There are 2 protein chains.
Amino acid sequence: MAKDMTLLWGSGSPPCWKIQIALEEKDLQGYNSVMLSFQKMEHKSQQVLDMNPRGQLPSFKHGDRIINESIGACCYLENEFKSQGTKLLPDCGAAQARLYQRMFEGQTMLQKLADVLYYTWKVPEGERHDSAVKRNREALTAELQLWEGYLQKGPGPFLAGKDFTLADVTVFPNVAYLFHNGLCEKRYPNLAAYYNSLKNRPSIKTTWPPTWLENPQGQDVLKGI
Amino acid sequence: MAKDMTLLWGSGSPPCWKIQIALEEKDLQGYNSVMLSFQKMEHKSQQVLDMNPRGQLPSFKHGDRIINESIGACCYLENEFKSQGTKLLPDCGAAQARLYQRMFEGQTMLQKLADVLYYTWKVPEGERHDSAVKRNREALTAELQLWEGYLQKGPGPFLAGKDFTLADVTVFPNVAYLFHNGLCEKRYPNLAAYYNSLKNRPSIKTTWPPTWLENPQGQDVLKGI
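Residues numbered from 1 in each chain as written. Chains lettered and ligands numbered in written order. Predicted model: local features only at pLDDT ≥ 70, side-chain atom pairs only at ≥ 80, totals over all residues. Heavy atoms only, no water.

**Section: the UniProt feature "domain: GST C-terminal" (unreviewed entry) in chain A**
Within this structure's numbering, the places UniProt gives as "domain: GST C-terminal" (unreviewed entry) are residues 92-217 of chain A. Taken end to end, residues 92-217 of chain A is 70% helix and 0% strand, and its first and last C-alpha atoms sit 39 Å apart. (UniProt positions renumbered as here; feature names shortened; annotations may be inferred. Helix = DSSP H or I, 4+ residues; strand = E, 2+ residues; numbered from the N terminus.)

**Quick word on the sheet that holds strand β1 (residues 5-10) of chain B**
Residue and element names in this part refer to chain B. Overall, mixed pairing links the four strands, which are arranged β2-β1-β3-β4 in an open sheet. Each edge of the sheet is formed by a strand with only one pairing partner; in this case those strands are β2 (32-36) and β4 (65-66). Docked against the sheet, helix α1 (residues 14-25) engages β1 and β3 (59-62), running at close to 140 degrees with respect to β1. Relative to β3, helix α3 (residues 70-80) is tilted by about 20 degrees, and along the sheet it contacts β1, β3 and β4. (Pairing = 2+ DSSP bridges. Contact = heavy atoms within 4.5 Å. Axes fitted to C-alpha atoms, helices over the stretch in contact; angles between N-to-C directions.)

**Brief notes about the packing of helix α1 (residues 14-25) of chain A against helix α7 (residues 166-180) of chain A**
Residue and element names in this part refer to chain A. The contact between α1 and α7 brings their axes to 8 Å, and the two run at 135 degrees. Considering their axes alone, α1 and α7 lie oblique with respect to each other. The two elements α1 and α7 cross, and the hand of that crossing is right-handed. Where α1 approaches α7, its residues Pro14, Trp17, Lys18, Ile21 and Ala22 are matched on the opposing element by Val169, Thr170, Phe172, Pro173, Asn174, Ala176 and Tyr177. Within the contact of α1 with α7, the residues separate by chemical class into nine nonpolar, two polar and one charged. (Parallel < 35°, antiparallel > 145°, perpendicular 65-115°, else oblique. Left-handed = near helix turned anticlockwise from the far one by under 90°. Nonpolar A, V, L, I, M, F, W, Y, C, P; charged D, E, K, R; others polar.)

Following this line, the structure appears as structure tokens:
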């Protein structure tokens, strides 16, 4: 039981989901789990600001230790609970190298995805340009082609090789987010196979975003990517 | 000696510098160090593309293991050479929590810095707006105020507490980049004190960007921030 842990999170946010998966994998159930609403601007509430001056979700606390950065929290949990639950950092140096490369590249994938999905939300109306929209979509396409190649080349079945690691904890939510937003499984067969091979893993299924369960179809913003 | 390691890097690039500092701290001198020129577009050369499909620097290889993501490479080096050179990941859980929080927040600092410094390089002429420039500068100012607060609150003298850790390896180059581009030491006294306390550390001094030695003044883009 992890009663000395608190996670403030929002449904459907890949960074929040990363920590939720890590907590499950490390057998840290029973933490204080508080779902907040982005729509209601609850990420700017005092409860969040007390833990996170950026006013962002996730916000995570273990005792009086605060780690709001999602990948940082996952690394911390693996280090702090090494011998508990799934071993998420392999001993093998070659697998570690692949893990670190993919885990950090996953941040680039998420950034390029965000540039497409949140364009109208992030860019004020008078500053929007069709040429920028087109460029962002092309950048995401090129990014996803890279990942198709990585997954095809392997070694799989996981991102760092034969074991489920921190790379999967941190990149899977990005991949799920892609498909939830309409990415075509046929056009990205390797990403789709990876997605489908993991979506029923207990740590992932248990923490599946509740708003996605209510609305499984999602948007189709990425349909043409 | 680290003859089985190769680092392709560009002078003045904070991500490249992170790996150079990590290598020094871990006593991994003697690696194959190849300085390339961004101006001459050498980061798009075949030599780079063979190691890094993104055509970016740094590109780093240990034997046949490739980790181009700079923080990933630093984490890998610490894990692979735990008992060699400086211990960059403390045993203390509280210090680890601070380390991971600051190390990943450092990426946000660098992103906001890049949004200001590279605006005209990244945004095509017809898409530029003074309002975006102003917003980016305000975002960087707010970001740096956060760091002023972190450094004031401590515990110092390093980012994660009493020891020099991966947080310093990965964030110091960003801070140096700020001051090289004209950030006012008086307006950011805590960042300036941190910068000045570390700039002569052997691992940092030895790897100081050669183009900065030639041109210590740098630009003054951040003068008014």
